[in-house]
Amino acid sequence: MDKDGQMLSIKELADVLNVSQKTIRRHINSGKIKSVKVGGVHRISREQVSSLLEVEEIIVDDLINIGLERGFPYDSKVPSGDLKNKWSKHKGTINLVSPANKRNIDIIVVGTGLAGASASATLAELGYNVKAFCFQDSPRRAHSIAAQGGINASKNYQGDGDSDYRLFYDTIKGGDYRSREANVYRLAEVSANIIDQCVAQGVPFARDYGGLLDNRSFGGVLVSRTFYAKGQTGQQLLLGAYSALNRQVNRGKVEMFSRHEMMDVVVVDGKARGIISRNLVNGKIERHGAHAVVIASGGYGNVFYLSTNAMGSNVTASWKIHKKGAFFANPCFTQIHPTCIPVSGDHQSKLTLMSESLRNDGRIWVPKNIEDAKKIRNKELKPTEIPENDRDYYLERRYPAFGNLVPRDVASRAAKERCDAGYGVNKTGQAVYLDFAAAIIRYGKEKAISTGQDKDNIDLVKSLGKEIIKAKYGNLFQMYEKIVDENPYETPMQIFPAVHYTMGGVWVDYNLMTTIPGCFAIGEANFSDHGANRLGASALMQGLADGYFVLPYTIGDYLADEIKTGPIKTDTKEFDEAESGVNKFIEKIMSNKSGKSVDYYHRKLGKIMWDKCGMSRNAEDLRSAITEIKALREEFYSNVFVPGGADGYNEELAKAGRVADFLELGELFALDALERNESCGGHFREEYQTEEGEALRNDEEFTFVSCWEHMGKDKKPKLNKEELNFKSVELKSRSYK
Amino acid sequence: MELKLKIWRQKNSGEKGAIIDYNVKKIDPDMSFLEMLDVLNQDLIKSGEEPVAFDHDCREGICGMCSLVINGSPHGPDKGTTTCQLHMRRFKSGDTIYIEPFRGTAFPVIKDLVVDRSAFDRIQQSGGYVSVNTSGNTVDANATPIPKPDADEAFKAAACIGCGACVASCKNSSAMLFVGAKVSQYSRLPQGKVEARERVLNMVKQMDKEGFGNCTNTGACEAHCPKGISLDNILNLNREYIKAKIRK
């Protein structure tokens, strides 16, 4: 702005009107806005602004022009043009930062899983100075490491008709048409490159005898596009990204802060300029300045207390930026995975996933008679003693076409329905059987016939069949036996659904930037690619796509304007305020001298979430969840007891901070589920189902992303809607009958 | 179940530690070992005391964060099992269990059972990678076929979770199984061979600098490794190291 504040630049006017600079330029060219040219740059008089605000025509025009109907206040920056060319066109036209300037720019990355480690490595390699943070003792511990199955890529090495478009289409459809087309297409487009990159880094993928990469099929798609490294794909990919990160640490381009927790983001003049962190070893509160902050801290499944997430997985980084202005999108979209080891008692601290591949051969059932179920729970009856006629193979009964291979959300809900009706089988009544007996006999007979042995000798057939099952699922059976202490070759496995992944997350535009300029979100932390339901083997793909190939390009578009900013000072009032906020929180949380433990509150929250915002939801329960969570939150602050001090290692204190944020997120989660009056993907509202009990989507009214805006403490958050426009696919309802 | 626990408590790296006795009751045999410690910690918090600090995260045996020497054995009595996958049915009511941190000169105690294993990160930073740009401009993944036996061997070595049980079990606190696994993974893949010489020299140099001891072939590391990383990796490390030295 000029000295007396009378003239505005194009950028300033765009900010005032909440429209893009392009729009302003177009209006200047068409004469709707009058500007003066001073030394080659446009200046618009302040008087014009007030008159402009009254010209309805321009405002309506502006909103349509930036693709935002119903008043969504941000530009998703999806490039125009053909779906297939959007990404290459965008890469070719966005702003870049020259190599000489990159070395003057600092970037903070919070989280070192697949997304965070790959982004840190690539940004550092490009020349930026990176500070990477993780709460674990080493970046290699991030929970990406626990992913089992594989990573999708549209390589079409199998020649079975795969393509970028097919991967894109499967992902959009699998997400129940609640994700952004352009983002998903880009994901499919860069997927093949991920495999090239990882192989070059020395990631030991499974290979065939010809020495080429092997694939398997996964999660109900029609092609084999999943690359894998035994049941440890996540581990190998993460160690690949970790090695790339280490290389940059060795070059001095990444400074690594392990055992550090991000406590808040610092926003200066509307831009993210750094973070406040806590050193988890000595308790020191630290200030870190940067020209951009990247959040890669994963999902928030632990709001349910029990989930397949790691114990330390948390929402804190995402929640802190939300409270400073970043929209939080679709918080109620959570994936509940059908094949997990059931809860064994009140002591349970976390849940373990069994790969989805087991459903290829296992048949899921519960007893047909409720009396039998009771006897099983009391250990008066064994499952193998129940005759075939008294078993209810409920998935095969309800979904004859797909049977045991229905998608994750459908299988999970069906298990819950049976257990709620009283047919559950383990001591808690919250489990169903996954039975391999039929598969063992089937494989055994085939083997006996093909090797010329007696197919009527039942013992022989069983032992042959077990060998085949062992070759396919041996490691999973062993893991099951270790945890449950039952032999799944002899007695059916017990399984139950568990919270696994969160599709919702921080809202980002096509550049992966949040609604706070300079603050980005990648990987599971953002909302962008999986809609209302994620397909198997797609989480690893998205994390690495964001970190290696998308963010390193798109961040330049923002940072191009930062080359003259100079180093970010941390001795400013904004840093003072953020730090004192953190200190106040710690003081408050440490002030109770007795009371209940952090885990007590976390478990209570988890129970509310699971009972009322879990696999199926209804308005009444959601309303009561909101009330209960509010009350629990108040009790938490007045009664939580954190022993020890704040000036050293104190895990209770770290947990208290995380649970405090979960207690706020949980409420928003329930509110989002309440406002979405339809059933789609992982979100099932009991009021919106077909006569047969299937999910009923409402495309007319709910084809949008719910973007929640924080309005201040104890104020109702504001719902903004980003409309989703589908131009390349037709919206269809999913049927598995 | 009821158990007597003898646990190493140490306020911080500067102060001396000691074994303290605790009793826990109502332990369910289906609990994991760490869930048993959760029960103890909840009891401690209830009585106003500080809980026992221990490292843990994924609790499914893959992240490598949990440690603990249980009755003298890193990760406890079960073979091929991390502490988080050990279950209480392995013990009897009335048992006394000693719980200590992973010890080693290069693994200083941070608090109680938590140790600093950042030396492992620094060894990896010194050369545990392939120097390839991550911008995606590389050759097609199938351009270089890798014989299946090589790929399988590389995979076996890559299964290391970096927990440090090898160091904790070794009377010399040697990290050679850990270093050997990484060196072997890359030395068996064409992508890793290019820098094999510099890698092994740099990683061994850093390993020595961190204060890890030498290998005297007791085999304790392999016996206690939760992922079954084979002693062959140490053999291969020596082979690679000598090769690199000769070529100098």
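Residues numbered from 1 in each chain as written. Chains lettered and ligands numbered in written order. Predicted model: local features only at pLDDT ≥ 70, side-chain atom pairs only at ≥ 80, totals over all residues. Heavy atoms only, no water.

**Side note on the interface of chain B and chain A**
For the record, the criterion: Contacts: residue pairs with any heavy atoms within 4.5 Å of one another. Should a side-chain nitrogen of Lys or Arg be within 4 Å of a carboxyl oxygen of Asp or Glu, the pair is scored as a salt bridge. Under the rule applied, a polar contact is a pair of N or O atoms within 3.5 Å (in protein, one hydrogen donor and one hydrogen acceptor; residues adjacent in sequence only if both atoms are side-chain atoms).
At the interface, 71 residues of chain B touch 75 residues of chain A. Where chain B touches chain A, the interface holds 7 salt bridges. Salt-bridge contacts for Asp55 of chain B lead to Arg259 of chain A; the nearest nitrogen and oxygen are separated by 2.8 Å. Here chain B and chain A share 43 residue pairs in polar contact (both at pLDDT 80 or more) between them.

**Brief notes about helix 10 (residues 233-250) of chain A**
Residue and element names in this part refer to chain A. Put simply, the rule is: Helix and strand definitions follow DSSP, with helices as H or I runs of at least four residues and strands as E runs of at least two, each counted in order from the N terminus. Between the first and last residue of a helix there are one fewer steps than residues, each counted as 1.5 Å, and that sum is the expected span. The buried label applies to any residue whose accessible area, calculated with a 1.4 Å probe on protein chains only, is under 20% of its type's maximum; exposed applies above 50%, and partly exposed to all values in between.
A rise of 1.5 Å per residue sets the reference length of helix 10, with its 18 residues, at 26 Å; its end C-alpha atoms lie 26 Å apart and thus fit the reference within 8%. Among the 18 residues of helix 10, 17 are classified as buried, and the element is accordingly described as predominantly covered. At the exit of helix 10 stands Gly252, carrying a positive phi of roughly 80°.

**Structural notes on the sheet that holds strand 16 (residues 363-367) of chain A**
Residues and elements named next belong to chain A. So the rule is basically this: Strands were regarded as paired on the criterion that DSSP finds at least two bridges between them.
The strand order across the open sheet built from 5 strands is 15-19-18-16-17, with neighbouring strands paired in antiparallel fashion. The sheet terminates laterally at strand 15 (334-340) and strand 17 (391-392), the two strands that pair on one side only. As judged from the 3 bridges shared by strand 16 and strand 18 (residues 432-435), these two strands associate in the antiparallel manner. Within strand 18, the residue paired with Arg363 across the bridge is Asp435.

**A few points about the pairing of strand 15 of chain A**
All names here are of chain A. Burial analysis of strand 15 places 7 of its 7 residues in the buried class, which makes it a mostly covered element. One ladder, built from 5 bridges, connects strand 15 with strand 19 (residues 493-502); its direction is antiparallel. Bridging from a neighbouring strand, His337 pairs with Ala498 of strand 19.

**Structural notes on the sheet that holds strand 2 (residues 36-38) of chain A**
Residue and element names in this part refer to chain A. In space, the 3 strands of this open sheet follow the order 1-3-2, with antiparallel pairing throughout. The outermost strands of the open sheet, each flanked by one partner alone, are strand 1 (7-8) and strand 2. Both strand 1 and strand 3 (residues 41-45) contribute to a ladder of 2 bridges, which runs antiparallel. For Leu8, the partnering residue across the bridge sits in strand 3 and is Ile44.

**Some thoughts on the environment of Arg278 of chain A**
Residues and elements named next belong to chain A. Structurally, Arg278 can be placed in strand 11 (residues 271-279). Expressed as a C-alpha distance, the spacing of Arg278 and Ala654, which sit 376 residues apart in the sequence, is 9.1 Å. Polar side-chain contacts of Arg278 include one of 3.2 Å to the backbone oxygen of Ala646.

**Overview of the nonpolar core**
What counts here: Nonpolar cores were defined as sets of buried Ala, Val, Leu, Ile, Met, Phe, Trp, Tyr and Cys residues, with membership established by side-chain atoms within 4.5 Å.
Counting 226 residues, the largest nonpolar core has Ile151, Phe205 and Ile555 of chain A together with Phe212 of chain B as its most contacted members. In terms of residues, this core owes the most to one element, helix 21 (residues 651-675) of chain A, which gives 13 residues. In this structure, Ile151 of chain A is in contact with Ile194, Ile195, Phe205, Arg225, Thr226, Phe227, Thr233, Leu237, Ala537, Leu540, Met541 and Leu544 of chain A, ignoring residues within four places of it in sequence. The next biggest cluster of nonpolar side chains, apart from the first, holds 26 residues, and it includes Leu40, Ile70, Ile99 and Leu113 of chain B.

**So, the pattern of salt bridges**
Opposite charge on two side chains permits them to pair, given that their charged atoms come into close proximity. Under the defined criterion, the tally for this structure stands at 64 salt bridges over all chains. Its salt-bridge partner being Lys427 of chain A, residue Asp28 of chain B comes within 3.8 Å of it at the nearest N-O pair. Highlighted residues: Asp28 of chain B in the loop between strand 2 (18-24) and helix 1 (33-46) and Lys427 of chain A in the loop between helix 14 (408-423) and strand 18, drawn from two different chains. Classification of Lys427 of chain A by relative accessible area gives partly exposed; the value is 46%. In this structure, Glu574 of chain A and Lys573 of chain A form a salt bridge, with 3.4 Å as the shortest nitrogen-oxygen distance. A relative accessible area of 18% means that Glu574 of chain A is categorised as buried. Classification of Lys573 of chain A as exposed rests on a relative accessible area of 55%. One continuous salt-bridge network, built from bridges that share partners, spans Asp176, Arg178, Arg676, Glu678, Arg697 and Asp699 of chain A.

**Description of the domain arrangement of chain B**
Frequently, the measure chosen for interface size is the accessible area removed from exposure when the parts meet. Residues and elements named next belong to chain B. The condition is simple: Start and end positions for the domains come from either an automated domain assignment or a database one. Buried area is calculated as the accessible area (1.4 Å probe) missing from two parts once they are joined, with the contributions of both summed.
Domain boundaries in chain B define domain 1 (3-111) and domain 2 (118-247). The distance between the C-alpha centroids of domain 1 and domain 2 comes to 29 Å. Each partner contributes to the interface: domain 1 provides 18 residues, whereas domain 2 provides 19 residues. Both faces combined, the contact of domain 1 with domain 2 buries some 1,300 Å², and carbon together with sulfur accounts for 62% of it. Three residues, Pro74, Ala106 and Phe107, lead the burial of domain 1 against domain 2; their summed loss comes to 35% of the area buried on that side. The interface formed by domain 1 and domain 2 contains 0 salt bridges.

**A look at empty space enclosed by the protein**
Formally: Using only the protein atoms, space was sampled on a 1 Å grid; points where a 1.4 Å probe fits but cannot get out form cavities, open sets with protein on both sides within 12 Å along at least five of seven lines form pockets, and lining residues are those with an atom within 4 Å of a point. Grid points are joined across faces, edges and corners, and a volume is the space filled by probe spheres set on the points. Note that Gly is not counted as nonpolar here; it falls among the polar residues with everything else outside the nonpolar set of Ala, Val, Leu, Ile, Met, Phe, Trp, Tyr, Cys and Pro and the charged set of Asp, Glu, Lys and Arg.
For the coordinates displayed, the defined rule picks out 12 cavities of 30 Å³ or more. Approximately 610 Å³ is the volume attributed to the second largest cavity. If you go around the second largest cavity, you meet 37 residues; those closest to its centre are Glu651, Glu652, Lys655 and Arg658 of chain A together with His56 of chain B. Those elements that place two or more of their residues in the lining of the second largest cavity are helix 19 (598-613) and helix 21 of chain A together with helix 1 of chain B. Of the residues in the lining of the second largest cavity, the class split is 14 nonpolar, 10 polar and 13 charged.

**Description of the packing of helix 19 of chain A against helix 21 of chain A**
Residue and element names in this part refer to chain A. What counts is decided by this rule: Angles shown run from 0 to 180 degrees and are taken between the N-to-C directions of axes, each axis being a line fitted to C-alpha atoms and, for helices, limited to the stretch in contact. Throughout, the term roughly parallel applies to angles under 35 degrees, roughly antiparallel to angles over 145, roughly perpendicular to angles from 65 to 115, and oblique to all others. Handedness of each helix crossing follows the sense of rotation of the near helix against the far helix: counterclockwise by less than a right angle gives left-handed, clockwise gives right-handed.
Interhelical geometry of helix 19 versus helix 21 gives an angle of 20° and a closest axis separation of 10 Å. Between helix 19 and helix 21, the interaxial angle falls into the category roughly parallel. Seen from above, helix 19 lies across helix 21 with left-handed handedness. Across from Val598, Asp599, His602, Leu605, Met609 and Cys613 in helix 19, the residues of helix 21 making contact are Glu652, Lys655, Ala656, Val659, Phe662, Leu663, Gly666, Phe669 and Ala670. By residue class, the composition of the contact of helix 19 with helix 21 is 10 nonpolar, 2 polar and 3 charged.

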